[in-house]
Amino acid sequence: MSCKFLLVACLALALSPAVARAAAPADASSVGHLPEIVVTAARIAQTVDASLADVSVITRAEISASGAPDLIDLLRREAGIDIARTGGPGEQTSVFLRGTNSNQVLVLVDGVRVASANTGAFAWEQLPLDAVQRIEIVRGPRAAQWGADAIGGVIQIFTRKLDGPHAALRGGSYGDYSGSAGYGQWGEKGGASIIVGARHVAGFPATNPLNYDYSPQPDGYSNQNLAAQGAWRVGTQTLSGSLLRSDANVDFNQGTSHVIEQAAGVNLDGALTPSLSQHISLGYDREDLNTPAYQSLMLSRRQQAGYQLAWTFLPGQRLLGGVDWMHERGISRDTGNNTDTYAQSRDNLGAYAGWYGQAQRWNWQLAARHDYNSVFGGATTGSAAAGYTLNDWARVEASFGQGFRSPSLSEQFSPGYFGYYAGNPALRPERSHSSEVDLLLHPLDNLHLKLAAYRTRVSDLITFAGVNYQAINIGRAKMEGLELTSTWTAGPWTTRFSGSLDDARNAVTGARLLRRPLRKADVQLDRSFGTRFSAGLELFAASNSADYGGVTLGGYSLINAHFDWKLDHGLAIHVFLENLADHPYSLAYGYTTPGRSGWLTLSWNP
């Protein structure tokens, strides 16, 4: 089955509900589901419509029903997101949002920044899916709210919140076995939850014969993880805390890497007066990457603190202001002679303010922020957005925003290799500006459509193009795209569609940015059979993309399926079948991907 055929089929399936006849259009309040509440877009709780941002949410129910063993199987479906992975579970994974680089996406775990201070990227491959409660994806720049790195957008992961006992066992292809168990209890005054998990994968060869370092030996993976959270309410204030820890071993051709990822946070939230509320946050992030085969140990540490006030000064009018402080430290150590190739730290102080208003058919947002970094100096960003409700089934939104990315500590201070590819302490932050127009439609009470058009320009890109390939600010990039998403329900049937046209290019040469397909589409068709059983089919297709060395990665298509069967006493069976057509494809040149495979999960949540 060709990629082009599946792209056309996906689009046809997605748009077919739009020609159906139904009752008169309903207004927003009569739509069959309650508005989704999100907190990532503006750092305050608001509905998706009020956020004036292109936001999507992956819920715990969707994660469980999918039966998927990896987060990338869920992120891949989302509009504007492209995935690259160099092998199987545990191998390096990159997430590109709207064509931006993987280190131009801000990643949060319960509000804590989790990207490595050394590389600027987050280790997606180490995130245990059983420990995730919810994922919010915000497309477009959010620097005026969050500061550095939110050029392509923000992805926030919320850790699992159990209410009662939990246990799950999963087994599947490539010797992939995992399990989790936990307990939680919550009441009016708060509660606590903890879940522990482990995963062992025998694996498959990460490389294929096209790779110069090819080995036919399977590359295994093991992971032990813990997620915990608690909250205690006293008067109008709630004290809460969370912890996510992952301890993994990743096999590759030359040996094994030991990786520790940890994020912890403490928050105090609540109303000070009927119109004024506060949010106090403390956070800590840790990453250890030990690779004995290369005599390399990379250590990343980050402490952060913040204070925020929200004031509702009139009905529908809210002011937001706050300050953030962050201290980062990175160490690159040669374990052969136990010396540090670099050990550096830096501080960042940011202040931000926003106005969020609503009047009749209009709502709007204005935000600004200034960051001062102890190494590269200051960066000021702003954003503006407005939305207008045309009638009871159509709405239009427009926005503009600026962004920046801080150079990583490696880009600033690494000595390189024999004097080549060295860092540069004089690097400036990468800068961006983006504009977007969205059209939201619900012409039928069971049909929702969203069309988004965006344009992003990035300057001062950091590339290793100086003397002896030293890091310098010289590159420019441009990203332009269209995204269409839809959801249609009819009785027991639900159809979800996401399609993207993302053109990401080097603004100087016109070359396409690597590992980012121009077109992709995903259709999910689900049917429930009563209250106990449901089944779904997924069609995914992506066009070709460029890779290193002038290589072109071919377009590909996938057919996946899942089944969800609820038994008595809180037991449930979940089945996920991947690549049913056993279609060979590659997300990175010289690296393998799963063939026809499947996983079965037995869970207990009474």
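Report follows, based on the coordinates. All values derive from a computational prediction rather than experimental measurement. For every chain, the first residue of the written sequence is number 1, and numbering continues from 1 onward in sequence order. This being a predicted model, a pLDDT of at least 70 is required before a residue's local features are given, and a value of 80 or more before pairs of side-chain atoms are given or counted; all residues contribute to the totals for chains, interfaces and linings. To obtain the side-chain values, all non-hydrogen atoms of the structure were used and water was disregarded.

Describing the overall build of the protein
Logical step 1: Per the convention used, a helix needs a DSSP run of H or I reaching at least four residues, while a strand needs a run of E reaching at least two, with both numbered from the N terminus. What the protein contains, in helices and strands, is 5 helices and 33 strands.
Logical step 2: For 606 residues, the compact-globule estimate of 2.2 N^0.38 gives 25 Å, and the protein sits close to it at 24 Å.
Logical step 3: In terms of overall dimensions, the protein has C-alpha extents of about 70 × 55 × 50 Å along its principal axes.
Logical step 4: When the 606 residues of the protein are sorted by exposure, 52% land in the buried category.
Logical step 5: Counting contacts in the protein only where the partners sit at least 6 residues apart, residues at least 24 apart contribute 59% of the total.
Logical step 6: For the protein, the exposed surface amounts to about 25,600 Å²; the carbon and sulfur share of it is 61%.
Logical step 7: Charged-residue counts in this description rest on Lys and Arg as positive and Asp and Glu as negative, His and the chain ends being excluded. We put the charge of a Lys on NZ, of an Arg on CZ, of an Asp on CG and of a Glu on CD. Averaging the coordinates of the 48 positive side-chain charges in the protein and doing the same for the 53 negative ones gives two points 4 Å apart. Note on method: radius of gyration uses C-alpha positions; expected globular size equals 2.2 Å times residues raised to 0.38. Exposed residues in this analysis have more than 50% of their type's maximum accessible area, buried residues have under 20%, and partly exposed residues fall in between, with area computed by a 1.4 Å probe over protein chains only. When checking whether two residues touch, look at their non-hydrogen atoms; a contact exists if any pair is within 4.5 Å. Under the convention used here, a 1.4 Å probe and the Shrake-Rupley method define accessible areas, while residue burial counts only the protein chains that appear.

Things to note about the packing of aromatic side chains
Logical step 1: Note on aromatic contacts: the rings of Phe and Tyr and the six-membered ring of Trp form a pair at centre separations within 6.5 Å, being stacked when their planes are under 30 degrees apart, edge-to-face when over 60 apart, and tilted otherwise. The full count for this structure, using the stated rule, is 13 aromatic pairs.
Logical step 2: By way of ring pairs, the aromatic residues Y420, Y421, F464 and Y469 are connected into one cluster.
Logical step 3: In this scheme, the term charge over a ring applies when either NZ of a lysine or CZ of an arginine sits within 6 Å of the ring centre and within 35 degrees of the ring normal. A cation over an aromatic ring shows up here: R43 above the ring of W146, its NZ or CZ 4.1 Å from the ring centre.

Here we look at unusual backbone geometry
Glycine aside, the phi torsion of most residues is negative, and most peptide linkages are trans.
Logical step 1: For R43, which is not a glycine, the phi torsion comes out positive at approximately 70 degrees.
Logical step 2: Secondary-structure assignment places R43 in the loop between β1 (37-38) and β2 (46-47).
Logical step 3: Judged by its relative accessible area of 16%, R43 is buried.
Logical step 4: Positive phi outside glycine occurs at Q360, with the angle close to 55 degrees.
Logical step 5: With respect to the element layout, Q360 can be found in the loop between β19 (339-359) and β20 (362-373).

What about the pattern of salt bridges?
Logical step 1: Any Lys or Arg side-chain nitrogen found within 4 Å of a carboxyl oxygen on Asp or Glu counts as a salt bridge. Counted under the stated rule, the structure contains 38 salt bridges.
Logical step 2: Of the charged contacts, one joins E136 and R134 as a salt bridge, the two residues approaching to 3.1 Å between their closest N and O atoms.
Logical step 3: Of the charged contacts in the structure, one is a salt bridge between D547 and R515, with a shortest N-O distance of 2.9 Å. A residue pair is termed long-range when its members are at least 10 positions apart, and D547 in the loop between β29 (545-546) and β30 (552-553) and R515 in the loop between β26 (493-506) and β27 (519-529) qualify at 32 residues. Neither residue differs from the other here; D547 and R515 are each classed as buried.

Quick notes on the nonpolar core
Logical step 1: Residues enter a nonpolar core if they are buried and are Ala, Val, Leu, Ile, Met, Phe, Trp, Tyr or Cys, with the set joined through side-chain atoms within 4.5 Å. If you look at the biggest cluster of nonpolar residues, it comprises 31 residues, and the most contacted ones within it are L75, I81, W124, I135, I155 and I157.
Logical step 2: When residues of this core are traced back to their parent elements, those giving at least two are α3 (72-75), β4 (81-85), β5 (93-97), β6 (105-109), β8 (132-139) and β9 (153-159).
Logical step 3: In this structure, W124 is in contact with L71, L75, T93, V95, V107, I155 and I157, ignoring residues within four places of it in sequence.
Logical step 4: Membership of the second largest hydrophobic core comes to 11 residues, among which are A41, V57, W146 and A150.

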